[in-house]
2 protein chains.
Amino acid sequence: MTSARNKPLRCKPRFRIMAGDVIALGPGKIDLLEAIQRQGSISQAAKEIKLSYKRAWDMVDTMNHCFKEPLVASSTGGKGGGGAQLTPLGNQMIDLYRSMESTAEKSTQADWNAIQRHLKQPPDS
Amino acid sequence: MTSARNKPLRCKPRFRIMAGDVIALGPGKIDLLEAIQRQGSISQAAKEIKLSYKRAWDMVDTMNHCFKEPLVASSTGGKGGGGAQLTPLGNQMIDLYRSMESTAEKSTQADWNAIQRHLKQPPDS
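Cut-offs applied
Residues numbered from 1 in each chain as written. Chains lettered and ligands numbered in written order. Predicted model: local features only at pLDDT ≥ 70, side-chain atom pairs only at ≥ 80, totals over all residues. Heavy atoms only, no water. Helix = DSSP H or I, 4+ residues; strand = E, 2+ residues; numbered from the N terminus. Buried < 20%, exposed > 50% of the residue type's maximum accessible area, 1.4 Å probe, protein only. Contact = heavy atoms within 4.5 Å. Core = buried A, V, L, I, M, F, W, Y, C linked by side-chain atoms within 4.5 Å. Axes fitted to C-alpha atoms, helices over the stretch in contact; angles between N-to-C directions. Parallel < 35°, antiparallel > 145°, perpendicular 65-115°, else oblique. Left-handed = near helix turned anticlockwise from the far one by under 90°. Nonpolar A, V, L, I, M, F, W, Y, C, P; charged D, E, K, R; others polar. Least-squares fit on C-alpha atoms with pLDDT ≥ 70 in both. Pairing = 2+ DSSP bridges. Salt bridge = Lys/Arg side-chain N within 4 Å of Asp/Glu carboxyl O.

In this section: the overall build of chain A. Helices and strands together make up the secondary structure of chain A, namely six helices and four strands. Taken from the N to the C terminus, the helices and strands of chain A come in the order α-β-β-α-α-α-β-β-α-α. By the burial criterion, 41% of the 125 residues in chain A qualify as buried. Considering only contacts within chain A whose residues lie at least 6 apart along the sequence, 54% involve residues at least 24 apart.

See below:
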């Protein structure tokens, strides 16, 4: 019933966007942005995707500092540390990043088919 | 003088090929295959890319078991554990994997340009 079982052979493009030695955006940070979008809170987003609050906050801080404008706007204080929302730029970066993934997936389909022919089907369990 | 300094903002596509829960091929395994290609030995390849011999050997073992035919042929025994060469399939998988990377890079250039415009130039150090 897992997706791994439904699609035993998979090829997933992942993009790592570096600003100097810092990862400005990558799969983990995009997942976090999407969780903040859903939850409206960094602490709830962290809980949802199983990060510590500190780790999630550090990731948001890194993103906000790498971009010319913040991707996440948070209101501090209040119970649970206040709310957080994506800025228009945050929403736009999710869209562009996900678009890169799907474009990459489509454009590399022929190579992936050629690789896949040589892979064994993994055992079911 | 580092490449990070020469190209402070970068976007690198990385592909992870999964067979069930196992990573059949990914950036690390491809780097290892290329090192074996250069060195003609798993132990020398491990040294070159700073992996333990055991880790390198496990990675080769995983790849060889995920594919219908081995990617690496090794002759056991002898000083330093014998030599190792890529099979024709091993060479072919490197080519296809690197081709996927460069295709993905080209096809996502417009999205990456759009993201890049919003990134700060990182400090020089």
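Okay, the nonpolar core next. Proteins that are soluble and globular tend to have nonpolar side chains buried together. Grouped together as the largest cluster of nonpolar side chains are 72 residues, with contacts concentrated most on I17 and L25 of chain A together with I17 of chain B. For I17 of chain A, the contacting residues outside a window of four places in its chain are V22, I23, A24, L25, Y97 and M100 of chain A together with R10, C11, W112, I115 and L119 of chain B.

Contact geometry for helix α6 (residues 109–116) of chain A and helix α5 (residues 88–107) of chain B: axes closest at 9 Å, N-to-C directions at 160°. The orientation of α6 of chain A relative to α5 of chain B falls into the category roughly antiparallel. Handedness of the α6 of chain A/α5 of chain B crossing: left-handed. Residues D111, W112, A114 and I115 of chain A of α6 of chain A form the contact with α5 of chain B, whose participating residues are M93, L96, Y97, S99, M100 and T103 of chain B. Among the residues forming the contact of α6 of chain A with α5 of chain B, the class breakdown is seven nonpolar, two polar and one charged.

Between the two chain copies there is a screw-like relation: a rotation about an axis and a shift along it. Expressed as a screw operation, the relation of chain A to chain B combines 0.0 Å of axial shift with a rotation of 180°, fitting to an RMSD of 0.0 Å. Considering both components of the superposition, the chain copies are consistent with a two-fold axis. An overlap of 100% is found between the interface residues of chain A and their copies at the interface of chain B, pointing to a shared contact surface.

On to unusual backbone geometry. Of note in this structure, K50 of chain A is not a glycine but carries a positive phi near 60°. The residue K50 of chain A is located in the loop between α3 (42–48) and α4 (53–66) in this model.

What follows concerns the sheet that holds strand β2 (residues 22–25) of chain B. Spatial ordering of the open sheet is given by β2(A)-β1(A)-β1(B)-β2(B), a layout of four strands whose pairing is antiparallel. On the outer flanks of this sheet lie β2 (22–25) of chain A together with β2 of chain B, each paired with one strand and no other. Between one strand axis and the next, the sheet turns by 50° as a mean value, whatever way the strands run. Across three bridges, the pairing between strand β1 (residues 9–19) of chain A and β2 of chain A is antiparallel. Bridging across to β2 of chain A, I17 of chain A finds its partner in L25 of chain A. Packing against the sheet, helix α2 (residues 27–39) of chain B makes contact with β1 (9–19) and β2 of chain B, and its axis sits at approximately 40° to β2 of chain B. In this fold α5 of chain B packs onto β1 of chain A together with β1 and β2 of chain B, with an angle of close to 135° to the strand it touches most, β1 of chain B.

This part covers the pattern of salt bridges. A full pass over the atoms with the stated rule returns 12 salt bridges over all chains. Between R38 of chain A and E48 of chain A there is a salt bridge, and its shortest N-O distance comes to 2.7 Å. Here E48 of chain A lies in helix α3 and R38 of chain A lies in helix α2 (residues 27–39), a separation of 10 residues in the sequence. Between E101 of chain B and K12 of chain B there is a salt bridge, with its nearest N and O atoms 4.0 Å apart. Of this pair, E101 of chain B sits in helix α5 while K12 of chain B sits in strand β1, and the two are 89 residues apart along the sequence. Overall, the relative accessible area of 41% leaves K12 of chain B in the partly exposed class.

Let us now look at the pairing of β1 of chain B. Of the pairings in the sheet, the one linking β1 of chain A to β1 of chain B comprises 11 bridges and is antiparallel in character. Pairing of C11 of chain A across the sheet is with I17 of chain B, part of β1 of chain B. The hairpin turn running from β1 of chain B into β2 of chain B, its antiparallel successor, is two residues long, and G20 of chain B in that turn takes a positive phi close to 65°.

Once that is clear, we can look at the environment of G90 of chain A. Residues and elements named next belong to chain A. When you line up the elements, G90 lands in helix α5 (residues 88–107). Under the relative-accessibility criterion, G90 is labelled buried at 0%. Taking C-alpha positions, G90 is 7.5 Å from L33, a pair spaced 57 residues apart along the chain. Other than its neighbours up to four places away in sequence, G90 contacts L33 and L71.

Coordinates in, geometry out; function isn't part of it.
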